[in-house]
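# Analysis of the macromolecular model
Okay, here's what each chain looks like letter by letter:
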Amino acid sequence: MDAKDRTEIEQWLRETDEQRLSQLWTAADAVRREHVGDAVHLRGLLEISNWCVRRCAYCGLSADNRQMQRYRMSADEILQCVHEAQAYGYGTVVMQAGEDYGITTEWLAQIVRRIKAETPLAVTLSMGERPHEDLQTWRHAGADRYLLRFETSDRKLYETIHPSRPGQEYDRFDMLRQLKQIGYEVGSGVMVGIPGQTYGTLARDIELFRELDLDMIGVGPYIENPLTPLGKGEIDLGGPELIPKQDASATLKSHTVPNTELMTYKVVALSRIMCPEANIPSTTALATVNRANGRELGLMRGANVVMPNVTPMEYRTKYEIYPGKACLNETANQCQGCLKGRIAAIGRELGTGCGGRRKKSIDAI
Ligand code: SAH
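What counts, and at which threshold
Residues numbered from 1 in each chain as written. Predicted model: local features only at pLDDT ≥ 70, side-chain atom pairs only at ≥ 80, totals over all residues. Heavy atoms only, no water. Near = heavy atom within 4 Å. Polar contact = N/O pair within 3.5 Å; in protein donor to acceptor, adjacent residues only side chain to side chain. Areas by Shrake-Rupley, 256 points an atom, 1.4 Å probe, with all protein chains shown as cover. Nonpolar A, V, L, I, M, F, W, Y, C, P; charged D, E, K, R; others polar. Buried < 20%, exposed > 50% of the residue type's maximum accessible area, 1.4 Å probe, protein only. Helix = DSSP H or I, 4+ residues; strand = E, 2+ residues; numbered from the N terminus. Pairing = 2+ DSSP bridges. Right-handed = clockwise from strand over helix to strand, strands pointing away. Axes fitted to C-alpha atoms, helices over the stretch in contact; angles between N-to-C directions. Parallel < 35°, antiparallel > 145°, perpendicular 65-115°, else oblique. Left-handed = near helix turned anticlockwise from the far one by under 90°. Contact = heavy atoms within 4.5 Å. Phe/Tyr/Trp six-rings, centres within 6.5 Å; stacked < 30°, edge-to-face > 60°. Lys NZ or Arg CZ within 6 Å of the ring centre and 35° of its normal.

### Details of the site of the ligand
Neighbouring the ligand are 18 residues; Y58, A97, R149, E151 and I223 lie closest to it. Taking R149, its side chain carries an N or O atom lying 2.9 Å from an oxygen atom of the ligand. Calculation on the ligand without its partners gives an accessible area of 550 Å², and the protein chains cover 92% of this total. Looking at the shell around the ligand, its residues break down into ten nonpolar, four polar and four charged.

### Thoughts on the pairing of strand β5 (residues 185-192)
For β5, the tally of buried residues reaches seven of eight residues, placing the bulk of the element in the interior. Taken together, the three bridges between strand β4 (residues 145-147) and β5 define a ladder with parallel strand orientation. Its bridge partner being in β5, L147 is matched across the sheet by G187. Viewed along the sheet, the connection from β5 through helix α8 (residues 199-211) into strand β6 (residues 216-221) turns out right-handed.

### Quick look at the environment of C56
Assignment of secondary structure puts C56 in the loop between β1 (39-49) and α3 (75-87). Each C-alpha atom of the pair C56 and Q69 lies 18 Å from the other, and the pair is 13 residues apart in sequence.

### Section: unusual backbone geometry
Although it is not a glycine, E151 sits at a positive phi angle of roughly 70°. Here E151 lies in the loop between β4 and α6 (155-161). In this structure, C327 is a non-glycine residue whose phi angle is positive, near 65°.

### Examining the packing of α3 against helix α4 (residues 105-118)
How two helices sit against one another is set out by the angle between their axes and by the gap between those axes. Relative orientation of the contacting elements α3 and α4 amounts to 30°, with a least axis distance of 11 Å. Judged by the angle between their axes, α3 and α4 are roughly parallel. When the axes of α3 and α4 are compared, the crossing they make is right-handed. The segment α3 lies against α4, with A75, D76, I78, L79, V82, H83 and Q86 engaging W107, I111, R114, I115 and E118. Taken together, the residues of the contact of α3 with α4 sort by class into seven nonpolar, two polar and three charged.

### Side note on the packing of aromatic side chains
How two aromatic rings sit relative to each other is set out by the distance from centre to centre and by the angle between their planes. Under the counting rule described, the total for this entry stands at six aromatic pairs. Connected via pairs of aromatic rings, a cluster forms that spans F150, F173 and F209. In this arrangement the basic side chain of R139 is found over the ring face of Y184, its NZ or CZ atom lying 5.9 Å from the centre. Over the face of the ring belonging to Y265 we find R301, whose NZ or CZ atom lies 4.8 Å from the ring centre.

Structure, rendered in structure tokens:
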């Protein structure tokens with residue numbers, strides 16, 4: 001099964017035949033094995049702040065969510081968790097936060113420098129839309145990777161659910177290009193089944209993963225958060241392309257993507273086939289919609305990374321992007337034990353080292 005064009009991708013997204021789907025899983029698994037091997041890389045996820053200046057209609061961290069108790073970890077707390085991640089054998093620490101300007105450029109640069117001086121870990125940042133100077137400063141401080149999902153390539157839908165701050169328009173595609181140019185390994189991705197997302201746009205999203213030559217691709221099902229405008233059904237999604245699932249006519253309904261577990265596996269599998277060398281996590285959102293074996297199925301259908309949470313309990317429960325997150329009550333130690341067991345049970349190996357993208361050498365092409 002070769003790389004595909006948008007029409008073929010869309011057909012796969014609409015596929016319901018179980019036998020055909022099992023061919024898709026097999027093909028994605030074979031591409032994964034051939035290009036990135038059997039290793040599953042573990043990235044310790046550290047949610048360093050839940051402050052956010054943005055008002056994204058889907059996300060619980062939104063500045064409009066007054067019910068949320070806000071926190072920002074101290075530098076020492078962060079370093080302690082990073083050392084814990086190292087002790088568990090993780091090769092990377094991923095620091096994620098809302099768009100929080102209380103995280104100043106220099107403060108985070110200093111933390112990155114400390115991590116690089118004290119550990120051999122790769123550092124991934126996911127801080128939202130920050131000015132070019134910040135991205136550059138953090139890269140110079142030693143940060144290796146940056147994650148910024150473009151969420152959907154449908155501009156109108158994106159602007160509706162992810163409003164810009166007045167006078168602060170950032171284009172995430174532009175940012176992804178900048179990040180690459182600055183020398184980061186770059187990750188992006190989308191939510192699967194956001195209200196108003198059509199099969200056509202989702203197919204285009206997957207095609208874009210390849211055009212952007214992403215090093216990492218993160219996809220997970222959209223999970224409704226009742227504390228958000230989308231969750232409350234308050235958002236007017238406008239024209240026919242943007243009618244939410246629950247209000248759509250039967251015909252329109254068939255054009256919008258459900259936020260299901262199955263649809264997410266299809267996107268993971270197609271992403272692997274389109275981007276054979278990328279690092280693709282089996283995400284927490286996937287584990288949330290299928291606690292029994294969502295993570296394993298993601299790994300068996302194209303993924304090669306998992307991101308165990310190393311955020312201290314007291315903060316983790318407050319990083320509530322969506323409700324009912326998997327593994328919320330497991331300590332970092334329990335989480336690593338559980339995940340290592342799950343990886344072994346499906347016959348995969350634990351990754352060693354930083355697990356960066358392995359690009360084909362020029363000689364090999
Ligand atoms: N502030 C950073 C990190 C955001 S949280 C940024 O904007 O990049 C990380 C990811 O969680 C988001 O990119 C989004 O894709 C996902 N997310 C947010 N709300 C969600 C929801 N309700 N369901 C599923 N995923 C969600």
